[in-house]
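Tertiary structure, described
Each chain is listed here by its residues.
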Amino acid sequence: MSATEPVRLGRKRPLPSCPNPLFLRWLTELRDEAREKGLKTQYTYQKAISSLNKYPLPLQNAKEAKILQNFGDGICKILDQKLQRYYRENGADAPIHALPEGAPPPGRLNGNNGLAPSRQNEAAGDKKKAGGGGRKKKREYVPQKRSGGYAVLLTLFRHSQIPGSKGFMFKMELQAEAQHLCDKSFTVPDLGSKYTAWSSVSTLIQKNLVIKTHNPARYSLTEEGLALAQRLASADRETTDGQEGEEGGGGVVDLTASDEEEEEKEEEEDRIHPVERVASVSEPRNDVDGVSLCERLQSSQPACRKPSGECLLPGNYEIILCVDFIETTGGSHHRKQELVRELQRNGVSFDIRKLNVGDFLWVAREKVMPVPGQLRAPVGRELVLDYIIERKRMDDLCGSIIDGRFREQKFRLKRCGLRRLIYLVEECGTAASHLSLPESTLQQAIVNTQCQTVREVFARQLMQISGLSGDRAAAILEHYSTPHSLLTAYEQCASEAEREKLLSSIRYGKLRRNLGPALSRTVYQLYCTQGALS
């Protein structure tokens, strides 16, 4: 790869449009045969093809396809017969989620499309023998954008460009400087994993992109690493310039506006300044350390466009939780009203409105003074914070996978312009046993989406407390798996002192030591103190 060639970021190998190409190919052959004979079953096969294209998970056998629409016993039996024949001809370990080498793509016509699958395999085998088949060219290693390797390479390169630079960086300073370029932490592993973003440094050393010397360790770029980092920096600048160049167009997405309001805002665009309605901040809370919200916006990576010269100063705005109206109306009305009562009981400032994307997000709303002579105070500006939540119950997750909404909602979340995307799944475990999809399929969908269950969010909250390590948090979760169960236990305590010592006798780690009264008191104050903590 030459030095002037643009760097391709993202996945090295694009995912197929359908994770079940073999079944899709067989259905396409059946549809084409029925079409040639003028049979009406061609329309049945076409409906089955459309349903299979919407299903985002791999199928292990034809019986699992019965949960999909337009898949009856007849189609499943035919697919099962073809699958058994495929195993006999290619072996019991033959892959079924990838087409055989040399086979035509599903749904496309070519010279072998009318042949039986065994004939196509023979033709492909003959073609492979005749062609000889050369070895594939080895691709150059390019780390994915905002990964650990990407952040380390860019940080070392930028440090080397500073006049008077010593040419290397120590581990602590490298981690601190690279953190804002990476989505994962360099020091704290994700829940259930032992790897951090720093683990990718070993890959960089193995690929001869970074060299490690001395003790304490010093990290610097090799010649190959310098060339790659320079291309990554150039690609990063081009991406940033491209985002800034699109600011004059329709780059701003108002996630909280209704369809009727959008037309009014377009007519009053110059007066309202919609650029100030979408932005990105690092933490969803009020004034911190006297830093204005505008300064935080300018220092963070922009989601859609940079804020204008006006800003919201400390004390001039409040944080509001925006709740989609679907979360409070329709369906199980009693359960949805419970959400509103809980928000009110905990003193959360919230606003129920129509959200075009997601179920919950936060905005910083400008505080405005009422104008004498006007019944209503002027509407303050709003800056959308960098967090958005899509909430799913297990039954809703199951239904969305079957009808195709699962993939469409993930696509819309990725395109909304916010970087902190949370897919919150509720009622895991026993609730999955009563659904039409097997629990293993739902768990795989959760892993693929990198969803956060309520238990995982609770664990992350606990681990933010100083001195509360992962094994201590795991011990608390064994007794109280959700914040609700912990708050219920606090309510059952007879006195304030009993509440403070509720967690003190919980044992953790291999030595089974007690959690202690200090941490127990801290957790109690965090979850039961009304208002701000002193």
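Being a predicted model, the structure only gives us computed values, none of them experimental.

**Quick look at the packing of aromatic side chains**
The geometry of an aromatic ring pair comes down to the distance between the two centres and the angle between the two planes. Under the definition given, this model contains eight aromatic pairs. Their ring planes at 70 degrees and their centres at 6.1 Å tell us that Trp26 and Tyr86 sit as a pair that is edge-to-face. Placement of the pair is Trp26 in helix H1 (residues 21-36) and Tyr86 in helix H3 (residues 73-90), with a sequence separation of 60 residues. For Trp26, a relative accessible area of 1% corresponds to the buried category. On the basis of relative accessible area, Tyr86 is assigned to the buried category, the value being 7%. Ring-pair connections join several aromatic residues into one group, and the members of that group are Phe23, Trp26, Tyr86 and Tyr87. Positioned above the aromatic ring of Phe168 is the side chain of Lys166, whose terminal nitrogen or guanidinium carbon lies 5.6 Å from the ring centre.

**Considerations on unusual backbone geometry**
Across the junction of Asn215 and Pro216, the peptide omega takes the value 5 degrees, indicating a cis bond. Looking at the element boundaries, Pro216 is found in the loop between strand E2 (210-213) and strand E3 (218-221). Its identity is not glycine, yet Arg146 carries a phi of approximately 65 degrees, on the positive side. Assignment of secondary structure puts Arg146 in the loop between helix H4 (117-131) and helix H5 (148-160). We classify Arg146 as buried; its relative accessible area is 15%. Notably, His214 is not glycine yet its phi reads approximately 65 degrees, a positive angle. You can see His214 is positioned in the loop between E2 and E3.

**Details of the pattern of salt bridges**
Close approach of charged atoms allows side chains of opposite charge to pair. Tallying each qualifying case throughout the model produces 16 salt bridges. For Glu496, the salt bridge identified is with Arg499, shortest N-O distance 3.5 Å. Note that Glu496 and Arg499 are positioned in helix H19 (residues 496-500) at a spacing of three residues, about one turn of the helix. Take Glu496: its relative accessible area is 42%, and that puts it in the partly exposed class.

**Details of the sheet that holds E2**
Through backbone hydrogen bonds, the strands of a sheet pair up, either in parallel or in antiparallel fashion. The three strands are arranged E1-E3-E2 in an open sheet whose pairing can be described as antiparallel. Every other strand in the sheet has two partners, leaving strand E1 (169-170) and E2 as the edge strands with one partner each. The pairing of E2 with E3 spans four bridges and is classified as antiparallel. Among the inter-strand pairings, Thr213 is bridged to a residue of E3, identified as Arg218. Packed on one face of the sheet, H5 meets E1, E2 and E3 and runs near 85 degrees to E3.

Procedures and definitions
- Residues numbered from 1 in each chain as written.
- Predicted model: local features only at pLDDT ≥ 70, side-chain atom pairs only at ≥ 80, totals over all residues.
- Heavy atoms only, no water.
- Phe/Tyr/Trp six-rings, centres within 6.5 Å; stacked < 30°, edge-to-face > 60°.
- Helix = DSSP H or I, 4+ residues; strand = E, 2+ residues; numbered from the N terminus.
- Buried < 20%, exposed > 50% of the residue type's maximum accessible area, 1.4 Å probe, protein only.
- Lys NZ or Arg CZ within 6 Å of the ring centre and 35° of its normal.
- Salt bridge = Lys/Arg side-chain N within 4 Å of Asp/Glu carboxyl O.
- Pairing = 2+ DSSP bridges.
- Contact = heavy atoms within 4.5 Å.
- Axes fitted to C-alpha atoms, helices over the stretch in contact; angles between N-to-C directions.

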